[in-house]
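The residues making up each chain are set out below.
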2 protein chains.
Amino acid sequence: MSVQTALDALSSLLGERLARSKSELDLHGRSESYFPARPPDAVAYPASTEEVQALVRICAEHDCPMVGWGAGTSLEGHGLAVRGGVVVDFSRMNRVLEVRPADMDVTVQPGVTREALNEELRATGLFFPVDPGANASLGGMAMTRASGTTTVRYGTMRDNVLGMQVVLADGRVIRTGTRARKSAAGYDLTGLMVGSEGTLGLVTELTLRLHGVPEATSAGICAFGDMQSAVTAVMETIQMGIPMARIEFVDSATARAFKDYSGMAMADAPHLLVEFHGSPESVAQDAERFAEIVADHGASPFRWSSREEERRALWALRHNGYYAVLASRKGARAVVTDMCVPISKLAQAVEETQADIAASMVPGPILGHVGDGNFHAILLIDPDQPAELEEAKRLSDRMAERALALGGTCTGEHGVGMGKTAFMRAEHGEGWDVMGQIKAALDPKGLMNPGKLVP
Amino acid sequence: MSVQTALDALSSLLGERLARSKSELDLHGRSESYFPARPPDAVAYPASTEEVQALVRICAEHDCPMVGWGAGTSLEGHGLAVRGGVVVDFSRMNRVLEVRPADMDVTVQPGVTREALNEELRATGLFFPVDPGANASLGGMAMTRASGTTTVRYGTMRDNVLGMQVVLADGRVIRTGTRARKSAAGYDLTGLMVGSEGTLGLVTELTLRLHGVPEATSAGICAFGDMQSAVTAVMETIQMGIPMARIEFVDSATARAFKDYSGMAMADAPHLLVEFHGSPESVAQDAERFAEIVADHGASPFRWSSREEERRALWALRHNGYYAVLASRKGARAVVTDMCVPISKLAQAVEETQADIAASMVPGPILGHVGDGNFHAILLIDPDQPAELEEAKRLSDRMAERALALGGTCTGEHGVGMGKTAFMRAEHGEGWDVMGQIKAALDPKGLMNPGKLVP
């Protein structure tokens with residue numbers, strides 16, 4: 001009953017902020033994806049680093065697993081307490097601690113969501129660019145190395161976390177990184193923690209890079225005769241050094257779903273949606289140069305605008321993409337895949353994936369962050385047909401294998417969690433054992449998010 | 001005599017490529033800096049990953065220390081075999097293995113120098129941007145997390161190494177990373193290895209990001225009434241999102257040295273040297289917008305050009321900076337410092353450092369990568385006066401302490417090596433112990449570059 005002993009001590013520590021009601025446990029026992037529900041034994045709502053430290057010491061003493069929880073938007077079941085224990089919900093640690101406009105950085109607690117941060121930054125002329133779509137918590141985004149539509153310009157969480165405060169498995173509190181823009185002072189512990197999915201510690205503070213809100217923005221859309229032409233146009237744009245802030249691909253099936261969902265006129269064809277950030281002159285030039293490139297590849301005329309309302313309409317289309325695709329099959333649930341490959345292999349990867357999906361019983365529109373070589377198939381399954389879930393998992397596994405065969409990764413931005421552990425050996429070889437050695441060195445009892453990421 | 005046993009076995013493995021002559025040992029027993037010479041017991045010249053693996057297995061069996069060696073340009077004594085053993089010189093592993101223009105990446109052996117790589121890339125329209133000044137080896141640059149003049153635009157080695165092949169302390173060979181532009185598949189082992197200074201393994205292959213040679217470049221120079229104005233102008237330029245490819249600061253003492261060395265007319269004042277990359281239109285706009293900003297801060301007119309020969313003359317000035325400063329005191333040797341702070345603290349850091357130097361017996365012109373908050377004082381000492389070396393070390397230590405007090409790092413780009421170990425506890429607190437735990441997990445016998453980086 002060691003977990004029970006831990007819960008009693010945690011209850012003394014946190015009072016009502018240790019929740020054990022069925023509704024709380026259920027809420028923190030399910031994920032956005034297809035993994036079976038697994039309610040934890042309790043949900044803790046710490047309010048400070050000191051409380052997290054005390055919590056970790058109690059759990060360490062009594063061998064009670066600890067699983068971090070941000071906004072619950074993970075697509076790979078990162079927050080599921082598969083070995084029981086306590087889910088540590090950071091929603092009470094949601095303060096923006098300090099904005100430093102001169103240094104273009106900010107220190108936040110892990111429960112702050114990216115939208116809340118950008119709301120807070122509005123008056124500063126700065127913004128935090130990483131945009132995974134969902135309004136995820138910044139702690140969760142750091143821990144899963146999130147990225148999204150703006151990564152082609154602004155990077156992933158790896159590039160935008162300058163430092164962290166982390167409570168380790170034995171209760172030590174460390175600070176990683178500094179506020180300097182770079183450092184050569186030893187192992188990059190910040191980089192090690194980003195993407196560690198809560199298996200090495202619980203993050204209690206983050207210092208993030210900010211970027212200046214661009215003076216001007218242009219955005220536009222065009223259709224292509226085939227996907228290969230779209231990908232080639234993107235490659236040429238990158239090689240010419242035209243700085244895209246967003247470059248999104250949607251296939252014909254997704255374009256149809258967008259059209260049906262939004263009423264916007266769209267050809268039944270692959271499309272690119274693109275955005276440029278800069279000065280009024282530069283964003284116009286970038287758009288015009290891009291228009292020339294896509295015309296060379298047989299695209300429809302690149303319709304672009306630097307007017308805010310047109311830009312918003314375009315990205316509302318993309319941001320509602322998941323819902324538009326979901327609505328294209330009535331009553332469906334989604335299994336979302338996450339391949340990322342070298343860009344020279346992207347067209348092949350998409351084509352082979354489309355062929356797989358066409359030969360299967362489940363529809364799977366494709367959309368992706370083409371500048372990064374990253375795309376998602378949204379496999380639409382009937383939740384009442386177990387065979388469809390099995391088929392979707394089979395397709396998803398084939399995509400992960402294909403990504404590796406093409407020199408890429410089984411997960412571009414969703415993380416390992418529950419869903420990609422089976423591919424870690426194939427992707428990393430003995431490097432996966434090295435991850436296990438690091439885990440064993442820092443969490444010898446295996447209490448931090450057990451059952452995830454490492455062997 | 002376990003090292004002796006190892007050397008016998010290495011001699012059988014490598015034949016004449018295990019060198020033991022006094023001249024070879026001396027050549028690999030000294031550094032570019034003030035650290036006492038420490039010749040190794042032997043120098044190995046492996047020609048393949050397999051040979052490195054065999055070498056590591058022999059050394060592991062016989063407890064023989066192993067120290068990697070690239071071009072020997074480290075400023076912190078990284079290559080000194082302070083506990084004896086074998087220096088592993090990678091100069092025979094100097095092939096560019098594969099250039100992939102479509103993916104804008106390249107795989108190289110660790111002994112390739114950055115200049116050799118860029119020579120090889122000349123016909124492709126691509127280049128490798130990280131430029132620490134010295135013609136360092138790419139393996140050494142990765143292992144010290146090198147950066148330099150272009151980091152403000154293109155990042156450090158951390159941002160430009162996509163993956164590595166590494167021989168670990170027990171002889172396992174792992175591949176880290178993939179050729180995909182991003183990944184969320186587990187701990188970032190590439191990021192852990194970059195900056196690890198050979199203490200976790202020997203790198204035998206690197207895959208690097210390449211960038212398109214800009215269509216056009218503009219570059220220019222201007223003088224300021226004081227250093228604070230120069231720094232403020234840089235901060236405004238960054239906040240406005242004007243993309244600088246290089247932004248270098250030199251103080252009055254450095255400007256005098258430049259003038260004397262090159263004959264170029266330069267005011268006795270702080271200067272900024274800046275470069276923009278882009279299209280012909282954008283680099284002209286960027287230069288004009290920058291000219292407006294610096295004029296607002298009382299600078300001399302920003303003289304800029306997009307002509308290649310003028311640009312080359314400007315950067316030859318900067319690249320010869322070290323020699324120009326060295327020539328400013330006859331017969332002097334240099335102790336080079338490496339502070340990096342949040343940019344809002346940069347003016348204060350430079351001012352206090354200048355005051356320290358002015359109050360000391362040694363001259364120390366200052367120059368730096370102002371966009372990163374990183375600067376170097378080149379402390380000029382008479383090698384025949386031990387008191388001057390002691391004074392230079394005292395100044396250097398004060399600068400490291402000052403960097404930490406201002407929220408920065410004791411080493412922006414030169415690494416820990418021999419010179420910064422004393423500041424690791426102050427910079428990382430218990431995080432330094434975490435580095436030690438990782439080291440112990442992966443190299444329990446402590447044979448990989450012992451005496452460096454970890455406690």
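Residues numbered from 1 in each chain as written. Chains lettered and ligands numbered in written order. Predicted model: local features only at pLDDT ≥ 70, side-chain atom pairs only at ≥ 80, totals over all residues. Heavy atoms only, no water.

> Looking at this structure, how should I read the pairing of strand β12 (residues 216-223) of chain B?
Remark: a regular strand shows side chains that alternate across the two faces of the sheet. Residue and element names in this part refer to chain B. Where burial is concerned, most of β12 is hidden: eight out of the eight residues are buried. The side-chain alternation of β12 yields two buried faces, one formed by A216, S218, G220 and C222 and the other by T217, A219, I221 and A223. Relative to strand β14 (residues 271-278), β12 is paired through eight bridges, and the arrangement is antiparallel. Note on β14: the bridge partner recorded for S218 is F276. Where β12 and strand β15 (residues 303-305) come together, three bridges link them in antiparallel fashion. Of the residues in β15, the one forming a bridge with I221 is R303. (Buried < 20%, exposed > 50% of the residue type's maximum accessible area, 1.4 Å probe, protein only. Helix = DSSP H or I, 4+ residues; strand = E, 2+ residues; numbered from the N terminus. Pairing = 2+ DSSP bridges.)

> What am I meant to see in the side chain of A:H428 here?
With respect to the helices and strands, the residue A:H428 is situated in helix α16 (residues 424-428). From its side chain, A:H428 meets the backbone oxygen of B:A185 in a polar contact 2.8 Å long. (Polar contact = N/O pair within 3.5 Å; in protein donor to acceptor, adjacent residues only side chain to side chain.)

> I'm lost on unusual backbone geometry in this one. Help?
With glycine set apart, most residues show a phi of negative sign, and most peptide bonds adopt trans. Residue and element names in this part refer to chain A. Look at R145: it is not a glycine, yet its phi comes out positive at around 50 degrees. Mapped onto the elements of the fold, R145 is located in the loop between α5 (138-143) and α6 (151-154). Here R145 falls in the buried class, since its relative accessible area comes to 6%. In this model, N449 sits at a positive phi of 45 degrees, which is unusual for a non-glycine residue. With respect to the helices and strands, N449 occurs in the segment after α17 (430-442). A residue is classified by how much of its surface remains accessible, and N449, at 3% relative accessible area, is buried.

> Hey, could you run me through the environment of A:R175 in this one?
On the secondary structure map, A:R175 appears in strand β9 (residues 173-177). C-alpha separation for the pair A:R175 and A:A230, spaced 55 residues apart in sequence, amounts to 44 Å. When sequence neighbours within four positions are dropped, the list of residues in contact with A:R175 reads A:M164, A:Q165, A:E205 and B:H428. Within the structure, A:R175 has its side chain in polar contact with the side chain of A:E205 (distance 3.2 Å). (Contact = heavy atoms within 4.5 Å.)

> What am I meant to see in the nonpolar core here?
Nonpolar side chains in soluble globular proteins tend to end up buried together. Residues A:L117, A:M157, A:L208, B:L117, B:M157 and B:L208 are the most contacted members of the largest nonpolar core, which totals 92 residues. Residues contacting B:L208, with those up to four places away along its chain left out, are B:M104, B:D105, B:V106, B:V108, B:L117, B:F128, B:L138, B:M157, B:N160, B:V161 and B:L162. (Core = buried A, V, L, I, M, F, W, Y, C linked by side-chain atoms within 4.5 Å.)

> Got a minute to help me understand empty space enclosed by the protein in this structure?
Any empty space left between atoms is shown by rolling a water-sized probe over those atoms. Residue and element names in this part refer to chain B. Scanning the entire structure with this criterion turns up three cavities of 30 Å³ or more. As for the largest cavity, its lining consists of S33, Y34, L75, E76, V335, V336, S396 and K420. The residue makeup of the lining of the largest cavity, split by class, is four nonpolar, two polar and two charged. Each of domain 1 (2-91) and domain 4 (329-416 + 423-428) contributes no fewer than three residues to the lining of the largest cavity. (1 Å grid on protein atoms, 1.4 Å probe; cavity = no way out; pocket = protein on both sides within 12 Å on 5 of 7 lines; lining within 4 Å. Points joined across faces, edges and corners; volume = space filled by probe spheres on them. Nonpolar A, V, L, I, M, F, W, Y, C, P; charged D, E, K, R; others polar. Domains from an automatic or database assignment.)

Fair warning: the whole summary comes from geometry, so function is off the table for now.
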